[in-house]
Amino acid sequence: MLQYLARSVMVVAGMALASCGGGGVDSGATAGQSVQPMRAQGSGGAVPLGVVDSAEVLMDLAEVRYYPLFPAHIASQSFGAFRFRYYESTGHLLGVVVEQGSEYPVGSVYVMGGGFGNSPVLVGPMSAFANPVDASATGDDNGCYDLAAYDGSGKHVVLTRTYSTGSTSTTSTQTIDSSWGGFTSFQGRQVQAVTRKTTNQGSTDTSTVVSYSAHTAPGELTSYGFTTDTKSTSFGTTTNYHSEATYTPPFPDHLYGLGIGQSVVESDSYTGTTVQTRFGTPPITTTSQISFPRINTYLGRETITVPAGTYETCKFETINSTSAAANAGINMSWIAVGTGISVKQTANFPVSRTSSTYLATSITVDGKPF
């Protein structure tokens with residue numbers, strides 16, 4: 001233990017004394033090849049969340065984006081002006097200057113050790129990789145979603161899309177039928193009920209989710225809970241699942257108020273109860289508390305073409321904020337501007353090395369092709 005602490009102190013002290021360096025970071029490349037791709041992630045701008053909190057966000061992001069280099073969720077340590085994490089399995093160290101008082105600017109990001117070599121490498125300022133903001137500081141509606149639909153009723157969207165994984169050439173098709181049903185009472189509140197029914201081609205299995213939420217501020221949609229009904233048939237036996245979940249407390253999502261290049265750290269927690277029923281067996285009831293921490297980033301506008309057509313989209317990245325979970329992944333979504341409709345979505349899971357892609361093949365809004 002003493003040897004480890006001494007080594008950590010020496011490494012960080014060396015970072016503080018070293019001159020600026022070059023080098024590079026890519027999840028599929030060696031450490032020495034990967035600094036430039038890290039710099040290319042840049043969104044620019046200020047870091048209004050606070051330098052220490054922003055450093056934590058950046059290191060969480062690095063653990064998923066560059067999983068082979070930083071392959072675990074490590075607790076941060078402090079030494080002098082630095083906040084850092086040491087990854088013993090690779091010998092890599094990732095650090096950020098978080099305090100004034102040294103010759104190096106606050107917010108500078110360094111890597112060192114293992115494939116990076118014995119001298120610290122300056123990879124740039126935090127703002128080159130992420131621009132996290134306090135959720136309360138997000139602004140007006142960014143125009144990517146149709147939040148006005150939650151102020152009334154009657155909107156109806158039918159999205160058909162293909163689904164494929166990176167490990168197989170098999171492509172499946174699913175349809176998501178979404179309806180905004182108007183205001184209803186949920187947990188004593190008047191909220192909008194949105195029903196989404198998902199069916200997969202060639203299967204009798206169905207899933208229907210009813211979400212209860214409200215447009216509570218410009219760029220903010222607050223979720224209060226949801227119900228899920230799923231029917232699954234296997235070997236001639238049908239199993240039904242009914243779940244009810246309540247957000248505790250209600251979850252205000254600020255994704256819709258992000259400016260281009262901004263990130264927000266969010267975690268929605270809910271208490272859920274699921275009842276499983278199957279013919280000939282007694283019901284099984286389970287209750288659990290679930291939390292989903294994540295980092296959302298609005299990357300900007302992009303025009304893309306998918307089988308359903310060509311669309312101007314808002315591009316978002318969502319990363320689980322802890323790579324300790326086996327399902328930690330990087331999700332990219334291309335949302336048709338002003339609609340909230342995902343015309344393309346990809347998911348990559350560094351731990352399991354799997355990926356999937358969804359592409360819209362047809363879209364109707366209120367019965368008209370979109």
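Residues numbered from 1 in each chain as written. Predicted model: local features only at pLDDT ≥ 70, side-chain atom pairs only at ≥ 80, totals over all residues. Heavy atoms only, no water.

A separate point is the side chain of Lys-155. Structurally, Lys-155 can be placed in the loop between β5 (121–125) and β6 (156–165). Engagement of the side chain of Lys-155 in a polar contact is seen with the side chain of Asp-146, the distance being 2.9 Å. Not counting chain neighbours up to four residues away, the residues in contact with Lys-155 comprise Asp-146, Ala-149, Ser-178, Ser-179, Trp-180, Thr-339, Val-365 and Asp-366. (Helix = DSSP H or I, 4+ residues; strand = E, 2+ residues; numbered from the N terminus. Polar contact = N/O pair within 3.5 Å; in protein donor to acceptor, adjacent residues only side chain to side chain. Contact = heavy atoms within 4.5 Å.)

A covalent bond bridging the sulfur atoms of two cysteines is what the word disulfide describes. Considering all chains together, one arrives at one disulfide under this definition. A sulfur-sulfur distance of 2.1 Å marks the disulfide that ties Cys-144 to Cys-314. Between Cys-144 and Cys-314 the sulfur-sulfur dihedral comes to about -90°; the bridge is accordingly left-handed. With Cys-144 in the loop between β5 and β6 and Cys-314 in strand β14 (residues 309–320), this residue pair connects regions lying 170 residues apart in the sequence. Cys-314 sits in the buried class, given a relative accessible area of 0%. (Disulfide = S-S within 2.5 Å. Buried < 20%, exposed > 50% of the residue type's maximum accessible area, 1.4 Å probe, protein only.)

This brings us to the sheet that holds strand β1 (residues 77–79). Within a sheet, neighbouring strands are paired by backbone hydrogen bonds and run either parallel or antiparallel to one another. Read across the open sheet, the five strands follow the order β1-β2-β3-β4-β5; overall the sheet is antiparallel. Strands at the two margins of the open sheet, each flanked by one partner only, are β1 and β5. Ignoring strand direction, the axes of neighbouring strands in this sheet form an average angle of 25°. Contacts from helix α3 (residues 51–65) reach β2 (82–87), β3 (92–97) and β4 (108–112), with the element oriented near 20° to β2. (Pairing = 2+ DSSP bridges. Axes fitted to C-alpha atoms, helices over the stretch in contact; angles between N-to-C directions.)

Side-chain pairs of opposite charge can arise where the charged atoms are in close proximity. This structure, assessed with the given rule, holds nine salt bridges. In this structure, Glu-56 engages Arg-85 in a salt bridge whose closest nitrogen and oxygen atoms are separated by 2.8 Å. Of this pair, Glu-56 sits in helix α3 while Arg-85 sits in strand β2; the two residues are 29 residues apart in sequence, bridging distant segments of the chain. A salt bridge links Arg-85 to Asp-60; the nearest nitrogen and oxygen atoms lie 3.0 Å apart. Of the two residues, Arg-85 sits in strand β2 while Asp-60 sits in helix α3, which places them 25 residues apart along the sequence. Across the pair, exposure class does not vary: Arg-85 and Asp-60 are buried alike. Connected via shared salt-bridge partners are Glu-56, Asp-60, Glu-63, Arg-83 and Arg-85. (Salt bridge = Lys/Arg side-chain N within 4 Å of Asp/Glu carboxyl O.)

By volume, the largest pocket amounts to about 2000 Å³. Looking at the largest pocket, it is lined by 49 residues, and the ones nearest its centre are Tyr-145, Arg-196, Asp-253, Tyr-256 and Gln-345. Broken down by class, the residue content of the lining of the largest pocket amounts to 22 nonpolar, 20 polar and seven charged. (1 Å grid on protein atoms, 1.4 Å probe; cavity = no way out; pocket = protein on both sides within 12 Å on 5 of 7 lines; lining within 4 Å. Points joined across faces, edges and corners; volume = space filled by probe spheres on them. Nonpolar A, V, L, I, M, F, W, Y, C, P; charged D, E, K, R; others polar.)

So, about the nonpolar core. The biggest cluster of nonpolar side chains holds 36 residues, and the ones touching the most others in it are Tyr-145, Phe-316, Val-343 and Ile-363. Elements that contribute at least two residues to this core include exactly α3, β6, β13 (281–306), β14, β15 (330–336) and β17 (354–365). Counting residues per element, this core draws most heavily on β15, which supplies five residues. Each residue touching Phe-316, except ones within four places of it in the same chain, is listed here: Asn-142, Cys-144, Tyr-145, Leu-255, Thr-297, Tyr-298, Asn-331, Met-332, Ser-333 and Ile-335. Formed by 19 residues, the second largest nonpolar core is a distinct cluster that contains Ala-55, Ala-62, Phe-70 and Val-121. (Core = buried A, V, L, I, M, F, W, Y, C linked by side-chain atoms within 4.5 Å.)

The subject of this paragraph is the environment of Arg-85. Arg-85 sits in the buried class, given a relative accessible area of 2%. Sequence separation of Arg-85 and Gly-95 is ten residues, and the distance between their C-alpha atoms is 6.4 Å. Ignoring any residue separated from it by four or fewer positions in sequence, one finds Arg-85 in contact with Glu-56, Met-59, Asp-60, Glu-63, His-73, Ile-74, Ala-75, Ser-76, His-92, Leu-93 and Leu-94. For Arg-85, the side chain forms a polar contact with the side chain of Glu-56, separated by 2.8 Å. Within the structure, the side chain of Arg-85 is placed 2.8 Å from the side chain of Glu-63, a separation counted as a polar contact.

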